[in-house]
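# Per-entry structural report
Residue strings, one per chain:
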There are 2 protein chains.
Amino acid sequence: MEFDLIEYLRKHNPVQRPDVLQGIGDDCARLRVESGYELAVTTDTLVSGVHFPADTPPHAIGYKSLAVNLSDLAAMGAEPAWVTLAMTLPRADMAWLASFAEGFFGLAERYGVQLVGGDTTQGPLSITVQAQGFIPQGQAITRAGARPGDYICVTGFLGEAGLNLLKYKGGDLAITTARNRLNYPEPRIIAGIALRGIASAAIDVSDGLIADLGHILTQSGVGARLTLEDLPLSAAMLEDQDPAKMYELALTAGDDYELCFTIGEQHIERINQLQYDLKLPIKHIGNIQENPGLRIYRRGGEPLEIASGGYEHFSDKRHG
Amino acid sequence: MEFDLIEYLRKHNPVQRPDVLQGIGDDCARLRVESGYELAVTTDTLVSGVHFPADTPPHAIGYKSLAVNLSDLAAMGAEPAWVTLAMTLPRADMAWLASFAEGFFGLAERYGVQLVGGDTTQGPLSITVQAQGFIPQGQAITRAGARPGDYICVTGFLGEAGLNLLKYKGGDLAITTARNRLNYPEPRIIAGIALRGIASAAIDVSDGLIADLGHILTQSGVGARLTLEDLPLSAAMLEDQDPAKMYELALTAGDDYELCFTIGEQHIERINQLQYDLKLPIKHIGNIQENPGLRIYRRGGEPLEIASGGYEHFSDKRHG
């Protein structure tokens, strides 16, 4: 089964990079890294029934399997370059593959990413992507650089993917047609690159703000204070839905793939300007503190009880 | 489930390379490529019930999932450096993981390979490894360099993994205990590196000699002639079994992960010497010809009918 599918992907690959000496078709791809750059590498798997409902259209699966990996590159400030794709499919279905490839390559083309290797096997549907990108030496944004007093910021809106998931579970959203944030998160590549030299720490919000900001706090050895009403909720979310429930989604739902990052106070003006340059809202939601732990307050000062939260896959209940 | 498993792997990682600026634990790993080298990248997935019987011990699954990827690097003449590991497991079973890690890291340590990234998800058992290595610029051994007159050679013995598989299917080999070629193929890394500047083309025999040599012939635009009795069969295989059946295994069974390569006639003496340097038998099995296609003869000149063969996964019959 392998040859036809890989050959299809090779032929439909829209990006040809000069640093790819040899792409798909031999035992390995051969790649060139310019001197002065570090290589950033990440890998993520999406399993049908765990990371996406089984009836998710192949176009969305193709898009999202690449997007979640590009999002990890964005969180380091890396510029994406190459990806490999390992697909396990129940059967060789060319119509399915064509739609998958359209979603995958559509996103790849937007960011100049070339598919350089692949493997296809027969089995339960599962997609593993490995993505690589470049960071100028010494300019990586890690999770470990947040310092007391730093401002905590978030790109875009939170809870949108979580709301989509709720609607899907409630039968109010047809996963097969909706072009929504759950299926089509936007990897914040441009923002991540713009934050080099500005952000002291960054992570992408894949598992929910509490869980992901928690990684920054742990790895930086600091704590934080957030104000609930400062969380970036879209006007539509606040108008149509119960606000308390929406703030809970913003704190605990995953899959938004926005960037959560910290900056020293001296960079606040640059961040304000960046919103206009990037046409992307960036919200200050709280501050880093010396005392470990995450404290969330309502506006007015009432502390919020935090459930141990984090990412709830749509099928968590089945997994015990 | 992710954190504990990845943390376990991070802690038990036996190799720390100076070119790994940052390993497991952030959004991406950060890696340094020395100037003067190309990066070789490959990825392979092993699915339970397809690439290994479901009762294969986790130690063997860990070993083999790395070995098949290192084998692809070997076939390019690359020196392995870094791997990422995406595991989909039915449940978080620490005893299973410990045994898997022992097999995986045992091999990684022998070749100085560092695990730099990972992802664990819940689902049907499946392992995707992506491996990267270095090749001095311009010294890669591809599949496309074979020329008429070149000698075709194979390392080690062929058909051993195929015989193991036959015995397993027949109930004569307990997959759970045997430390055999099917479960523990040896990636020919040292041989691959030694063949830089000597081999005109190379591939690893993962899908069977006919299929894999076929890739060299197609991509080099040439044909070949083999003599059946020149195929490297171990003495044990020839003594214990029906020779005709064993030669068929050597031609069509997969999973041996020996190197099949071509050399110009002027290098024959170096190959003979290499056997002693590497303590690895290398057998001349035929020659490249201008006329496309693969022709196999019995000693004496009788042509052999070739089935369209190739890799028979142990469960092919189930896959229709």
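Nothing here was measured: the structure is a model prediction, and the numbers come from that model. (Residues numbered from 1 in each chain as written. Chains lettered and ligands numbered in written order. Predicted model: local features only at pLDDT ≥ 70, side-chain atom pairs only at ≥ 80, totals over all residues. Heavy atoms only, no water.)

## A word on the sheet that holds strand β9 (residues 223–227) of chain B
Residues and elements named next belong to chain B.
- Spatial strand order, β8-β10-β7-β11-β9-β12: 6 strands in an open sheet with mixed pairing. Here the strands that pair on one side only, and so sit at the sheet edges, are β8 (199–204) and β12 (293–297). Between one strand and the next, the sheet's axes are offset by a mean angle of 25°, whatever the strand orientation.
- Judged from the 5 bridges that link them, strand β7 (residues 151–155) and strand β11 (residues 282–289) form a sheet pairing that is antiparallel. Residue pairing across strands places isoleucine 152 opposite glycine 286, the latter belonging to β11.
- This element, helix α6 (residues 209–220), spans β7, β8, β9, β10 (259–263), β11 and β12 of the sheet and lies at about 140° to β8. (Pairing = 2+ DSSP bridges. Helix = DSSP H or I, 4+ residues; strand = E, 2+ residues; numbered from the N terminus. Axes fitted to C-alpha atoms, helices over the stretch in contact; angles between N-to-C directions. Contact = heavy atoms within 4.5 Å.)

## Digging into the confidence of the model for chain A
Residues and elements named next belong to chain A.
- With 93% of its residues at a pLDDT of 70 or more, chain A has an overall mean of 91.
- Throughout residues 308–320 the model reports pLDDT below 50, and contacts reaching past four residues in sequence, or to other chains, amount to 28 contacts.
- Both scores are available for the predicted complex, with the pTM at 0.91 and the ipTM at 0.89. (pLDDT = per-residue confidence, 0-100.)

## Quick look at the sheet that holds strand β2 (residues 29–31) of chain B
- Strand order in this open sheet of 6 strands is β5(A)-β4(A)-β6(A)-β3(A)-β2(B)-β1(B), and the pairing throughout is mixed. Edge positions in the sheet fall to β5 (114–122) of chain A together with β1 (20–22) of chain B, since each of these pairs with one other strand and no more. Each adjacent strand pair in this sheet contributes to an overall mean axis angle of 20°, direction not counted.
- Pairing of strand β4 (residues 79–89) of chain A with strand β6 (residues 126–136) of chain A involves 9 bridges; the strand directions are antiparallel. Looking at the pairing, Glu79(A) lines up with Phe134(A) of β6(A).
- Contacts from helix α3 (residues 94–110) of chain A reach β4, β5 and β6 of chain A within the one sheet, and its direction differs from that of β4(A) by about 160°.

## Digging into the relation of the copies chain A and chain B
- For the match of chain A to chain B, the screw axis carries a shift of 0.0 Å, the RMSD comes to 0.0 Å, and the turn is 180°. Classification of the inter-copy transformation places it as that of a two-fold axis.
- The fraction of interface residues of chain A whose copies in chain B are also interface residues reaches 100%, indicating that both copies meet through the same surface. (Least-squares fit on C-alpha atoms with pLDDT ≥ 70 in both.)

## Here's the deal with the nonpolar core
- With 61 residues, the main nonpolar core has Leu9(B), Leu85(B), Met87(B), Phe104(B), Ile127(B) and Phe261(B) as its most contacted residues.
- Ranked by residue count, the leading element in this core is helix α2 (residues 58–76) of chain B, at 11 residues.
- Dropping the residues within four chain positions of it, Ile127(B) is found in contact with Asp44(B), Thr45(B), Leu46(B), Ile61(B), Ser65(B), Leu85(B), Ala86(B), Met87(B), Trp96(B) and Phe100(B).
- Among the nonpolar cores identified, the runner-up in size contains 60 residues, and Ala60(A), Leu85(A), Met87(A) and Leu195(A) belong to it. (Core = buried A, V, L, I, M, F, W, Y, C linked by side-chain atoms within 4.5 Å. Buried < 20%, exposed > 50% of the residue type's maximum accessible area, 1.4 Å probe, protein only.)

## Description of the side chain of Asn69(A)
All names here are of chain A.
- Along the chain, asparagine 69 turns up in helix α2 (residues 58–76).
- Within the structure, the side chain of asparagine 69 is placed 3.0 Å from the backbone nitrogen of aspartate 44, a separation counted as a polar contact.
- Once you skip the residues sitting within four places of it in the chain, asparagine 69 turns out to touch Thr42, Thr43, Asp44, Val129, Gln130 and Ala131. (Polar contact = N/O pair within 3.5 Å; in protein donor to acceptor, adjacent residues only side chain to side chain.)

## What to know about the interface of chain A and chain B
- Chain A puts 49 residues into the contact, and the matching count from chain B is 49 residues.
- Carbon and sulfur atoms make up 54% of the area that chain A and chain B hide from each other, which totals about 3900 Å².
- Linking chain A with chain B are 6 salt bridges.
- Between Glu38(A) and Arg30(B) there is a salt bridge; the shortest N-O distance is 2.7 Å.
- Seen at the junction of chain A and chain B, the total is 22 residue pairs in polar contact (both at pLDDT 80 or more).
- Listing elements by their share of the side of chain A that touches chain B, those giving two or more residues are β1 (20–22), β2 (29–31), β3 (37–47), α2, β4, β5, β6 and β8 (199–204) of chain A.
- Its residues assigned to classes, the side of chain A that touches chain B comprises 21 nonpolar, 19 polar and 9 charged.
- Across 3 bridges, the pairing between β2(A) and strand β3 (residues 37–47) of chain B is antiparallel. For Ala29(A), the partnering residue across the bridge sits in β3(B) and is Val41(B). (Buried area = accessible area lost by both parts, 1.4 Å probe. Salt bridge = Lys/Arg side-chain N within 4 Å of Asp/Glu carboxyl O. Nonpolar A, V, L, I, M, F, W, Y, C, P; charged D, E, K, R; others polar.)

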